[in-house]
Amino acid sequence: MKQVTHDTGTEQQARAVLVSLITQMDKRNGTNTEGSIQELVSLAETAGVEVLEQMTQNRETPDTRWFIGKGKVEELRILLEALGANTVIFDQELSGAQVRNLEEHLDAKIIDRTQLILDIFAQRAKTREGILQVELAQYSYLLPRLSGQGKNLSRLGGGIGTRGPGETKLETDRRHIRTRITDLKRQLEEVMRHRTLYRERRKKSGVVQVALVGYTNAGKSTLLKQLTDADVYIQNQLFATLDPTSRTLELPGGKEIVLTDTVGFIQNLPHDLVAAFRATLEEVNEADLILHVVDASSERRDEQMAVVDEILQELGAGSKDQIVLYNKIDLCSPAQLEMIPSDRHHLRVSAYTESDLEQIKQLIQEQLGGGQRIYRIPADRGDLIAQLYSFSSVIEQDYEENDAIFKVELNKVDYEKFGYRLQEYEVRS
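Residues numbered from 1 in each chain as written. Predicted model: local features only at pLDDT ≥ 70, side-chain atom pairs only at ≥ 80, totals over all residues. Heavy atoms only, no water.

## Looking at the sheet that holds strand β15 (residues 403–411)
Stage number 1. In spatial order, the strands read β13-β15-β14; together these 3 strands make up an open sheet with antiparallel pairing. Every interior strand has two partners, whereas the edge strands, β13 (369–378) and β14 (392–400), have only one. On average, each strand axis in the sheet is tilted by 15 degrees relative to the strand beside it, whichever way the strands run.
Stage number 2. In the sheet, β13 pairs with β15 via 8 bridges, with the strands oriented antiparallel. Of the residues in β15, the one forming a bridge with Tyr375 is Phe406. (Pairing = 2+ DSSP bridges. Helix = DSSP H or I, 4+ residues; strand = E, 2+ residues; numbered from the N terminus. Axes fitted to C-alpha atoms, helices over the stretch in contact; angles between N-to-C directions.)

Rendered as structure tokens:
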């Protein structure tokens, strides 16, 4: 990522020191602060920042004026000068006053974790809906912090933390931002209305949807590409893809479903971002089955799984049928593999192994399956037979007098929607 300084016209890359505060509350809660700061490094690198150094401080509580202690601020100022750094990125969220105080004392751009994530999302958004959602989240973040953004935005008027609305002139006042927020919400409501109509049409047509969810960089997009030959952007970086992508997937029995890749989750996902992306994230609620993709090779695997489960609960999708796909097993150590369960709800896979992809399809089919039934339908009732095919896969077919006898494997989701139509023709044992 590059910053543009208006006074010289030269481009200057963001060169940053990362700062994390560890409080007594973090220690009591067992917060993985080391894992969080390492994730901050990845986020910064994803945003194009050159990370020069990391600094941590242990304090009982955050300092209301500086966030870190006054002595640590002075130590940070000396470090910035020695390294030639121009940016400080905090692993926690700062108030507008704290940003203002820090930037005046340090003469550097001050970014917090939330602003960094918003910046990455601004880079990644490609569709109209995604761009609107990110802009809404950025303005919602900026509004209560206007008093802390003055020198920050004017002195380093580009680059990290200033994409989208951050590039707005300083004269932009609260009234203008509130007006823009109202306008963005109106536009998003229209997008949501179209999305709702699409969902209703999808339900009426009996389309079965399976959603890929997971921590960012767990391999969801790679699995979507390998399973469906989807043309999606894939990179080994956080939030490589932002806008959800849906593709048709044919299961072993011939049934076609829609497989949707959703935005990756992350620890401390900004509240404004969750709120802005709720319409997109709620696609998960419409799914008939969730595939929770996990980076099995990650040292923070359990923590990342807990983050995903927490966000699913927040979205109201925590009770959905779920298959956990432990991806990247080719990168796992023997000790890591031993800790991974393997049953009909948990599967160890590599997205690049064909046999594993077939296992995934088979398990999806089994999870969506609703058991076997026998139906006796008049042979001349083609309309009823067509309905039978709409919610089942025919295993055997025979004829007796003027009736056709079908032994079928039910598709659970379709049966719940359409099975009532043929209840009178079902052969009870």
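Once the structure has been displayed, the description carries forward.
## Comments concerning unusual backbone geometry
Stage number 1. The phi dihedral of Lys328 falls on the positive side, at around 65 degrees, and the residue is not glycine.
Stage number 2. Checked against the element boundaries, Lys328 lands in the loop between β11 (322–327) and α14 (334–338).
Stage number 3. Here Lys328 falls in the buried class, since its relative accessible area comes to 17%.
Stage number 4. Phi at Glu401 takes a positive value of approximately 55 degrees, unusual for a residue other than glycine.
Stage number 5. Here Glu401 is to be found in the loop between β14 and β15.
Stage number 6. A relative accessible area of 76% places Glu401 in the exposed class. (Buried < 20%, exposed > 50% of the residue type's maximum accessible area, 1.4 Å probe, protein only.)

## Digging into the pattern of salt bridges
Stage number 1. Tallying each qualifying case throughout the model produces 20 salt bridges.
Stage number 2. Between Arg300 and Glu303 there is a salt bridge, with its nearest N and O atoms 3.0 Å apart.
Stage number 3. Of the charged contacts, one joins Asp403 and Arg376 as a salt bridge, the two residues approaching to 2.7 Å between their closest N and O atoms. Placement of Asp403 in strand β15 and of Arg376 in strand β13 is noted, with a sequence separation of 27 residues between them.
Stage number 4. Using a relative accessible area of 19% as the deciding quantity, one classes Asp403 as buried. (Salt bridge = Lys/Arg side-chain N within 4 Å of Asp/Glu carboxyl O.)

## Notes on the packing of aromatic side chains
Stage number 1. Across all of its chains, the model carries 2 aromatic pairs by this definition.
Stage number 2. Note on Phe67 and Phe90: the rings are 5.9 Å apart at their centroids and 85 degrees apart in plane angle, and the pair reads as edge-to-face. Taken together, the residues Phe67 in the loop between β4 (50–59) and α3 (70–83) and Phe90 in strand β5 (residues 87–90) connect sequence positions 23 residues apart.
Stage number 3. On the basis of relative accessible area, Phe90 is assigned to the buried category, the value being 0%. (Phe/Tyr/Trp six-rings, centres within 6.5 Å; stacked < 30°, edge-to-face > 60°.)

## Quick look at the nonpolar core
Stage number 1. Leu18, Ile89, Leu116, Leu273 and Leu312 are the most contacted members of the largest nonpolar core, which has 39 residues in total.
Stage number 2. Among the elements of the structure, β3 (15–23), α2 (33–46), α5 (113–124), α6 (128–142), α10 (271–276) and α13 (301–315) are those that each provide at least two residues to this core.
Stage number 3. Ignoring any residue separated from it by four or fewer positions in sequence, one finds Leu273 in contact with Ile117, Leu118, Phe121 and Ala137.
Stage number 4. Listed in part, the 25 residues of the second largest apolar core include Val208, Val210, Ile323 and Leu363. (Core = buried A, V, L, I, M, F, W, Y, C linked by side-chain atoms within 4.5 Å. Contact = heavy atoms within 4.5 Å.)

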